[in-house]
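# Remarks on the overall topology
Next come the chains, spelled out residue by residue.
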Protein chains: 6
Amino acid sequence: MTRNDGRGCCDLRPITITRNFTKHAEGSVLIAFGDTRVICTASVEESVPPFLKGKGTGWVTAEYAMLPRATHTRSPREAAKGKQTGRTLEIQRLIGRSLRAVTDLARLGERSIYIDCDVIQADGGTRTASITGAYVALADALVGLRDKGVFVDIPLKEAVAAVSVGIIAGEPMLDLNYLEDSSAEVDMNFVMTSSGRFVEVQGTAEAEPFTIEQMDAMRGQAMAGIRRLFAFQQEALRV
Amino acid sequence: MTRNDGRGCCDLRPITITRNFTKHAEGSVLIAFGDTRVICTASVEESVPPFLKGKGTGWVTAEYAMLPRATHTRSPREAAKGKQTGRTLEIQRLIGRSLRAVTDLARLGERSIYIDCDVIQADGGTRTASITGAYVALADALVGLRDKGVFVDIPLKEAVAAVSVGIIAGEPMLDLNYLEDSSAEVDMNFVMTSSGRFVEVQGTAEAEPFTIEQMDAMRGQAMAGIRRLFAFQQEALRV
Amino acid sequence: MTRNDGRGCCDLRPITITRNFTKHAEGSVLIAFGDTRVICTASVEESVPPFLKGKGTGWVTAEYAMLPRATHTRSPREAAKGKQTGRTLEIQRLIGRSLRAVTDLARLGERSIYIDCDVIQADGGTRTASITGAYVALADALVGLRDKGVFVDIPLKEAVAAVSVGIIAGEPMLDLNYLEDSSAEVDMNFVMTSSGRFVEVQGTAEAEPFTIEQMDAMRGQAMAGIRRLFAFQQEALRV
Amino acid sequence: MTRNDGRGCCDLRPITITRNFTKHAEGSVLIAFGDTRVICTASVEESVPPFLKGKGTGWVTAEYAMLPRATHTRSPREAAKGKQTGRTLEIQRLIGRSLRAVTDLARLGERSIYIDCDVIQADGGTRTASITGAYVALADALVGLRDKGVFVDIPLKEAVAAVSVGIIAGEPMLDLNYLEDSSAEVDMNFVMTSSGRFVEVQGTAEAEPFTIEQMDAMRGQAMAGIRRLFAFQQEALRV
Amino acid sequence: MTRNDGRGCCDLRPITITRNFTKHAEGSVLIAFGDTRVICTASVEESVPPFLKGKGTGWVTAEYAMLPRATHTRSPREAAKGKQTGRTLEIQRLIGRSLRAVTDLARLGERSIYIDCDVIQADGGTRTASITGAYVALADALVGLRDKGVFVDIPLKEAVAAVSVGIIAGEPMLDLNYLEDSSAEVDMNFVMTSSGRFVEVQGTAEAEPFTIEQMDAMRGQAMAGIRRLFAFQQEALRV
Amino acid sequence: MTRNDGRGCCDLRPITITRNFTKHAEGSVLIAFGDTRVICTASVEESVPPFLKGKGTGWVTAEYAMLPRATHTRSPREAAKGKQTGRTLEIQRLIGRSLRAVTDLARLGERSIYIDCDVIQADGGTRTASITGAYVALADALVGLRDKGVFVDIPLKEAVAAVSVGIIAGEPMLDLNYLEDSSAEVDMNFVMTSSGRFVEVQGTAEAEPFTIEQMDAMRGQAMAGIRRLFAFQQEALRV
């Protein structure tokens, strides 16, 4: 079965990672998963939230948004409506947890890294692109702190990246685009570290529940896909 | 290893399901997973949200809250703060999706079922107890509609229930209570239907990522646990 | 004239007061005025609002809510709407003032008691049941503090309880249920202390204004009714 | 005992009622109870709230606010804070109920009267001045509708006015100013119609509960005071 | 061409400035530009916003509102809607900037002046009347501080006043009333100091853009008009 | 005097206009004024706001935002705070008015164009870049509608563009960058059409008021600068 964009079942879309995309942030990355494009910035602040004051440990948190016209039809601006949707809150909590899982918060010291993921063009997989790009922005911000002598070793335990897998017409497909996502029977997001372990797994049956065999097939595809994402991250960070 | 409440690794806490707990709702259930107690009501409304108007199909949606003093220390009341937390929104979206997955919305017709899950006492697993109890409340509400002649067969495709599993000291443990949940390295929630298929899977590493073997072990425990929950639901509905 | 539930004009509905209804709160009471059921908890916090900082005196405050399906038809959840109604704010201010009137705030010391009254089933008189039950929860919380040696004598000056009275078909009726309340021409709520004095009196003519004679008749019924409520409180606290 | 402004216990403050205070509203009144000054406007709208659509009956509702510097120290502007306080909501609900009680809503027809009471200078008794002045603004708006032929007889059943009474140093005092209000042990507000019947009675013990004898003494003072307020209203409306 | 109220093109409406309009504020002015009437108060607070703490300099800020029925048809109350409109925020920012431009904030010392401009009747030019009246209220508040010995010289560098000019039927017209404003092709607001310099200039083409010659003609009219407003301010302050 | 980036007093920063920057919007432009970069999209909706329903005329409106890390230090996300600042509302109202001034709303027909200006990198002049870029996005969207046969001639009366001018060290300087803007004594924004007429003029003295001569000098610089911006727009649209 060929997919609507000509990919095979286990192919990622074209991935590009552009560092230093904007100039003010300590880390600033434009990541593209096909037509999905997200600006991921990492901002360093020399303070921590109240619940961590005086504990000597740091914090990584994330916010996520889409430009109103990142989507096929214009979505109302959350700032104008005065509140973030449940979907937005869910995604930004996921991004934050994913990055904290690979950050050595104790070694980071009493400072916070704010991750902002702003989707400028959406075509499916915005949360997985956000996590994958945010890791690079985070690494850049932490390298900057190391270069300023804040710590000797970058407080990252390993890399983290994410991908979606779905079941379409009964078959698992990697890295769904928007059209595929709309027609998928199941949608799973996997967040994995470079040691091959999981920090987040989220699977949702849109219409029909999925079997244990399907879950395993999706997991297999995702693990292979995320390993390729690690290569893109490393390549981007090598330059 | 014995657990802090004397259970074995694969034991559920004592489960009780009390139907007709309050008198106004079309379905009203008090469910207890150990010390976790949730009032689940199902309310029938003869209308659907705007995006479904005129499509001949129904809707099931859910709201979730905790009483301020359901928890060890008092949590601020969301109504007083003027907004629901991301956690609340995430949980109520999960409950809604889980119940829609087993409801035949076309056969429900143009009407909505509002599920309200209000935690009156929290001791871990409030979202899984909510889903498990809400299914019973939903069934009661649908039976009521059938008895009024709205449809001949209850528009439920199968049963749905949920349980949490965690990794504590490297070992998978079923149906975590609050103390266990606080110290778990990994927390997974499984929502499964009575045909043994999944509608939602959510796993989160709190500190250390988890391996594929751990995921499988947790899944196995969860599947066995949820099967026992189906028995409790059936038993409650039989009376 | 017999009432819709068979009571005489001056009868209370069946009253039950269940202490230790939930396990986390310092005081936790389920109170029933007939089919009206309210969970009243008292939570101790070792701090006071900013306007009392450093004054050596304590504070008692209250919040009130109804579960969405406590009522005949489902009411929108205030947390979801993002604000509390005027009715809610009015009732919770009334509960707070009523309890402060019998608490010796100076002897309480610089700590706060948060009263939460959550109506799980409504059938008229939710505010009067809330005050009556909250007093018992407050007493339990204060006994707990005394038992921990925070003070020698419980800082309560006397008991407080409340009841509604209405005029139906020209006749005063005690402790209205929802159906009665809907058809009452006048609705008065009396909050009285065990020394027979008033802390709050609120009377509202729904359609026709009421005479001074009617006010006196309602007051007489209320005073007798509240005296019986004190007996229920004492009985509950004796155990 | 002389009061801080030289009045006897049963004296009202100087009352002035200025009609046509602003030019756009159908009724516009500046009322002064001593130094308390409130602009009361009545605005006619040819529609009713959704719950009254098609029922052939009208509606009267009220909103209340204080200018930020109506008070001794500046209060934050509610519009800037983004919500109305419980006190504001309580007062505007009281004003609305008081005026509805004397309006023949059926004869008003399917239209709404919006009462706005904006306190430009506060010195105690803002809610009672608001009710007393709003009645005159309402009458003016209804006369205007009658003059346009909307109805033959003005749909007012009788007049309504309000006054506060407090207990100071054990003695009842009529129409408290701000200083008195701050030191009063009890504060009662009475809303009475010109037939000598009550539409609202609200009494609150600030510190010490009050006896039945004190309640009766306050009621007597209030009734005499409100009768004098009716004379001021009639005098103002006669011109 | 005669204007709808009989004025010539370059005439101001009748201007009156009433000081000490309300009793609590340190400065309190009722200003009328024809039928536009605004209460302007200046309130002194012995603190500054966080961003100025410890810098030894003061602050002047403003809030603006209209009573709901200041206008021809009733406008919803911003406090009830829960947010201020963009128009309100724009105007209050303009008022604040205009007054800060003539205040010597360093000499004011670490204290804030809150300006409140509340429109009780609107007939065009509410923002220019607000600025013109607020200057007088500010001056009164600063004189009060000087009289208390807070500083020797009043920290005002010069006077400030404002007026609107519009193009109607191709001709510039000074100080537009509401009817004129509604039909104006261009609306400019000028805020000028007594030394003949500008602190704010805002011009908006409602339908047709305006030429450089029209801008200059409007500016000339505005400068002459504002000079006459300074005379009214001085006259008011002389008494 | 040389400027901090080497420009002469009357030089624009490098201007680039990239069309079709994102794929979903009917018009999508990335505009750069030096380091200021704004994504401007134009979205067509086949409906109009309620106040225009049935009038046969169209509408153009705008929303504006900055990514949190568009600025030197991270600014809180407005969607997370739950409200837009006064600055944001002021700017988006300005953008909307500027574009409406050159659009023939009658010929547009009953449809709306939503302009979204999202600043991804800020270095001064974000509102003027937004207006200049939004015009190009609007033109693209209208060309698209013409190409679909919605109208024969594009309903644009002329072009519109905007630039800022400031007074620094007494000298007028064109198109201020952030550093210049921070130290400018006066900041004026001019919005001009291609016929050399103004739709908006806004000047603000940050510290010292400005003279009529300074206003004229700034206006002259702005007019020359905007004429060059028209060339950039035309060049971009020619391709």
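Quick caveat, the model's predicted, so the values are computed rather than measured.

Counted under the stated rule, the structure contains 144 salt bridges over all chains. Note that Arg69(C) is salt-bridged to Glu26(B), the shortest N-O span being 2.6 Å. Pair noted here: Arg69(C) is in the loop between strand S4 (59-66) and helix H1 (78-81) and Glu26(B) is in the loop between strand S1 (15-19) and strand S2 (27-33), and the two residues belong to different chains. Taking the shortest distance from any N to any O, the salt bridge between Lys23(E) and Asp35(D) comes out at 2.6 Å.

Time to look at the interface of chain A and chain F. Taken residue by residue, the interface counts 39 residues in chain A and 39 residues in chain F. Taking both sides of the interface into account, the surface hidden between chain A and chain F amounts to around 3000 Å²; carbon and sulfur atoms contribute 49%. Contact with chain F buries area across many residues of chain A, yet His24(A), Arg69(A) and Arg74(A) alone supply 25% of it, more than any other trio. Across the contact surface, chain A and chain F share 14 salt bridges. The salt bridge involving Asp116(A) is made with Arg74(F); its shortest N-O contact spans 2.6 Å. Connecting chain A to chain F are 26 residue pairs in polar contact (both at pLDDT 80 or more). When contributions to the side of chain A that touches chain F are tallied by element, the ones reaching two or more residues are strand S3 (36-45), strand S4 (59-66), helix H1 (78-81) and strand S5 (112-121) of chain A. Partitioning the side of chain A that touches chain F into residue classes produces 16 nonpolar, nine polar and 14 charged.

As a further point, take the pairing of S2(B). Residues and elements named next belong to chain B. Of all the seven residues making up S2, seven are buried; the element is thus mostly covered by neighbouring parts of the structure. Side chains Gly27, Val29, Ile31 and Phe33 of S2 all project onto a buried face; the interleaved residues Ser28, Leu30 and Ala32 project onto the opposite face, where all are buried too. Where S1 meets S2, five bridges bridge the pair, whose relative direction is antiparallel. Its bridge partner being in S2, Ile15 is matched across the sheet by Phe33. Turn length for the S2-strand S3 (residues 36-45) hairpin, with the two strands adjacent in sequence and antiparallel, is two residues, and the turn residue Gly34 shows positive phi of about 60 degrees.

In the superposition of chain A on chain F (RMSD 0.0 Å, axial shift 0.0 Å), the rotation amounts to 180 degrees. Seen this way, the second copy is the image of the first under a two-fold rotation axis. Take the interface residues of chain A: 100% of them recur as interface residues in chain F, which is what a same-surface contact looks like.

The subject of this paragraph is the interface of chain C and chain D. Taken together, the contact between chain C and chain D spans 29 residues of the former and 29 residues of the latter. Counting each side, the surface lost to burial between chain C and chain D is near 2700 Å², with a carbon and sulfur contribution of 52%. Taken together, the connections running from chain C to chain D amount to six salt bridges. Arg197(C) is paired through a salt bridge with Glu208(D); the nearest N and O atoms lie 3.2 Å apart. Contributing elements (two or more residues each) for the side of chain C that touches chain D: helix H2 (86-100), strand S9 (198-205) and helix H6 (212-238) of chain C. Ranked by residue count, the leading element in the side of chain C that touches chain D is S9(C), at eight residues.

This part takes up the UniProt feature "domain: Exoribonuclease phosphorolytic" (unreviewed entry) in chain A. Residue and element names in this part refer to chain A. Following the UniProt record, one finds the feature "domain: Exoribonuclease phosphorolytic" (unreviewed entry) at residues 12-141 and 160-224. Across residues 12-141, the secondary structure splits into 30% helix and 31% strand, with the terminal C-alpha atoms separated by 27 Å. When the span residues 160-224 is considered, its composition is 29% helix and 45% strand, and the gap between its end C-alpha atoms is 14 Å.

Scanning the model with the defined rule gives five cavities of 30 Å³ or more in all. There is about 50 Å³ of room inside the largest cavity. Taken together, Thr22(B), Ile39(B), Thr41(B), Asp116(B), Asp118(B), Leu67(C), Pro68(C), Arg69(C), Ala70(C) and Ile120(C) make up the lining of the largest cavity. Taken together, the elements giving at least two residues each to the lining of the largest cavity come down to S3 and strand S5 (112-121) of chain B. Residues that form the lining of the largest cavity fall into these classes: five nonpolar, two polar and three charged.

Take Thr88(C): it is sitting in helix H2. Leaving out residues up to four positions away in the same chain, Thr88(C) has contacts with Tyr64(C) and Glu78(C).

All names here are of chain F. Taking strand neighbours across the sheet as the criterion, the five strands line up as S1-S2-S3-S5-S4 in an open arrangement whose pairing is mixed. Two strands bound the open sheet, and with one partner strand each, they are strand S1 (15-19) and strand S4 (59-66). Between one strand axis and the next, the sheet turns through 15 degrees on average, direction left out of account. With eight bridges joining them, S4 and strand S5 (residues 112-121) adopt parallel strand pairing. Note on S5: the bridge partner recorded for Val60 is Ile113. Along the sheet, helix H2 (residues 86-100) contacts S4 and S5; its crossing angle with S4, the most-contacted strand, is approximately 145 degrees. Docked against the sheet, helix H4 (residues 126-147) engages S1, strand S2 (27-33), strand S3 (36-45), S4 and S5, running at close to 35 degrees with respect to S3.

Procedures and definitions
- Residues numbered from 1 in each chain as written.
- Chains lettered and ligands numbered in written order.
- Predicted model: local features only at pLDDT ≥ 70, side-chain atom pairs only at ≥ 80, totals over all residues.
- Heavy atoms only, no water.
- Salt bridge = Lys/Arg side-chain N within 4 Å of Asp/Glu carboxyl O.
- Helix = DSSP H or I, 4+ residues; strand = E, 2+ residues; numbered from the N terminus.
- Contact = heavy atoms within 4.5 Å.
- Buried area = accessible area lost by both parts, 1.4 Å probe.
- Polar contact = N/O pair within 3.5 Å; in protein donor to acceptor, adjacent residues only side chain to side chain.
- Nonpolar A, V, L, I, M, F, W, Y, C, P; charged D, E, K, R; others polar.
- Buried < 20%, exposed > 50% of the residue type's maximum accessible area, 1.4 Å probe, protein only.
- Pairing = 2+ DSSP bridges.
- Least-squares fit on C-alpha atoms with pLDDT ≥ 70 in both.
- UniProt positions renumbered as here; feature names shortened; annotations may be inferred.
- 1 Å grid on protein atoms, 1.4 Å probe; cavity = no way out; pocket = protein on both sides within 12 Å on 5 of 7 lines; lining within 4 Å.
- Points joined across faces, edges and corners; volume = space filled by probe spheres on them.
- Axes fitted to C-alpha atoms, helices over the stretch in contact; angles between N-to-C directions.

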